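So you can see what is in the structure, the chains are spelled out below.
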Amino acid sequence: MVERLSDAERAAFFRDHPNWKPVEGRDAAEATFRFGSFAEAFSFMTRIALYAEKADHHPEWFNVYDRVEVTLATHDAGGLSQRDVAMASVIDAAAA
């Protein structure tokens, strides 16, 4: 079973991942990424999708043209877990 982040781990996550913000009313994190074109945004999503399949951990996301909105939470844990910390790191690196 995957466990939720402790309060200290959750605080460290948001400190160490400044692009990510808490989701109001839910133990989750969200971030918005902008790209130069739809193709760049879709390419970013494809890279994340390949990682997500290998990790068996999938983000919630929404895409309109050059914008990708991502929400992370571990449904099995009922909130943020170390899986989300790892996913956020991969997403941040892919967006850089």
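Residues numbered from 1 in each chain as written. Predicted model: local features only at pLDDT ≥ 70, side-chain atom pairs only at ≥ 80, totals over all residues. Heavy atoms only, no water.

For clarity, the cut-off: UniProt positions are given in the numbering used here, feature names are shortened, and annotations may be inferred rather than shown by experiment.
Going by what an unreviewed UniProt entry lists, the chain is known as Putative pterin-4-alpha-carbinolamine dehydratase and is assigned to Parvularcula dongshanensis. Annotation of the chain in UniProt includes, under Catalytic activity (unreviewed entry), the sentence "(4aS,6R)-4a-hydroxy-L-erythro-5,6,7,8-tetrahydrobiopterin = (6R)-L-erythro-6,7-dihydrobiopterin + H2O". Per UniProt, the comment on the chain under Sequence similarities (unreviewed entry) is "Belongs to the pterin-4-alpha-carbinolamine dehydratase family."

### Points about the pattern of salt bridges
Selection rule: Whenever a carboxyl oxygen of Asp or Glu lies within 4 Å of a side-chain nitrogen of Lys or Arg, that contact is scored as a salt bridge. Where helices and strands are cited, they refer to DSSP runs of H or I of at least four residues and of E of at least two residues respectively, numbered from the N terminus. Under the scheme applied here, a residue whose accessible area is under 20% of the maximum for its type counts as buried, over 50% as exposed, and between as partly exposed, the area being computed with a 1.4 Å probe on protein chains only.
Counted according to the given criterion, the structure contains 6 salt bridges. We note a salt bridge from Asp-27 to Arg-4, for which the minimum N-O separation is 2.9 Å. Pair noted here: Asp-27 is in the loop between β1 (21–22) and β2 (29–34) and Arg-4 is in the segment before α1 (7–16), with a separation of 23 residues, a long-range link. Accessibility expressed as a relative area gives 14% for Asp-27, which makes it buried. A relative accessible area of 47% means that Arg-4 is categorised as partly exposed. Linked by salt bridges that have partners in common, Arg-4, Arg-10 and Asp-27 make up one network.

### Topic: the pairing of strand β3 (residues 60–64)
What counts here: Two strands form a pair only when DSSP identifies at least two bridges running between them.
The pairing of β3 with strand β4 (residues 67–72) spans 5 bridges and is classified as antiparallel. From the neighbouring strand, Glu-60 faces β4, where its bridge partner is Thr-71. Turn length for the β3-β4 hairpin, with the two strands adjacent in sequence and antiparallel, is 2 residues, and the turn residue Tyr-65 shows positive phi of about 45 degrees.

### Some thoughts on the nonpolar core
Which entries qualify depends on this criterion: Nonpolar cores are built from buried Ala, Val, Leu, Ile, Met, Phe, Trp, Tyr and Cys residues. Side-chain atoms within 4.5 Å join them into one set. Throughout, a residue-residue contact means that at least one pair of heavy atoms, one from each residue, lies within 4.5 Å.
Counting residues in each nonpolar core, the largest one holds 22 residues, and the members touching the most others are Phe-13, Trp-20, Phe-33, Phe-44 and Ile-91. Residue assignment for this core shows that the elements contributing at least two residues are α1, β2, α2 (38–55), β4 and α3 (82–95). Excluding its chain neighbours within four sequence positions, the residues that come into contact with Trp-20 are Phe-13, Phe-14, Ala-29, Glu-30, Ala-31, Phe-33, Val-70, Leu-72, Ala-88, Ile-91 and Asp-92.

### A look at the packing of aromatic side chains
Here is the rule: Here is the rule: rings of Phe, Tyr and Trp (six-membered ring for Trp) pair when centre to centre is within 6.5 Å. Planes less than 30 degrees apart are stacked, more than 60 are edge-to-face, and the remainder are tilted.
Here the structure, examined in full by the defined rule, presents 5 aromatic pairs. Seen in terms of ring centroids, Phe-13 and Phe-14 are 4.9 Å apart; in terms of plane orientation they differ by 80 degrees. Their pairing is edge-to-face. The exposure class of Phe-13 is buried, given its relative accessible area of 3%. Residue classification places Phe-14 among the buried positions, given a relative accessible area of 16%. Plain terms: the ring middles of Phe-33 and Phe-44 are 5.4 Å apart, the flat faces sit at 45 degrees to each other, and that makes the pair tilted. In this pair, Phe-33 is assigned in strand β2 and Phe-44 in helix α2, connecting sequence segments 11 residues apart. Given the relative accessible area of 6%, Phe-33 is considered buried. Here Phe-44 falls in the buried class, since its relative accessible area comes to 0%. Among the aromatic residues, those joined into a cluster by ring pairs are Trp-20, Phe-33, Phe-35 and Phe-44.

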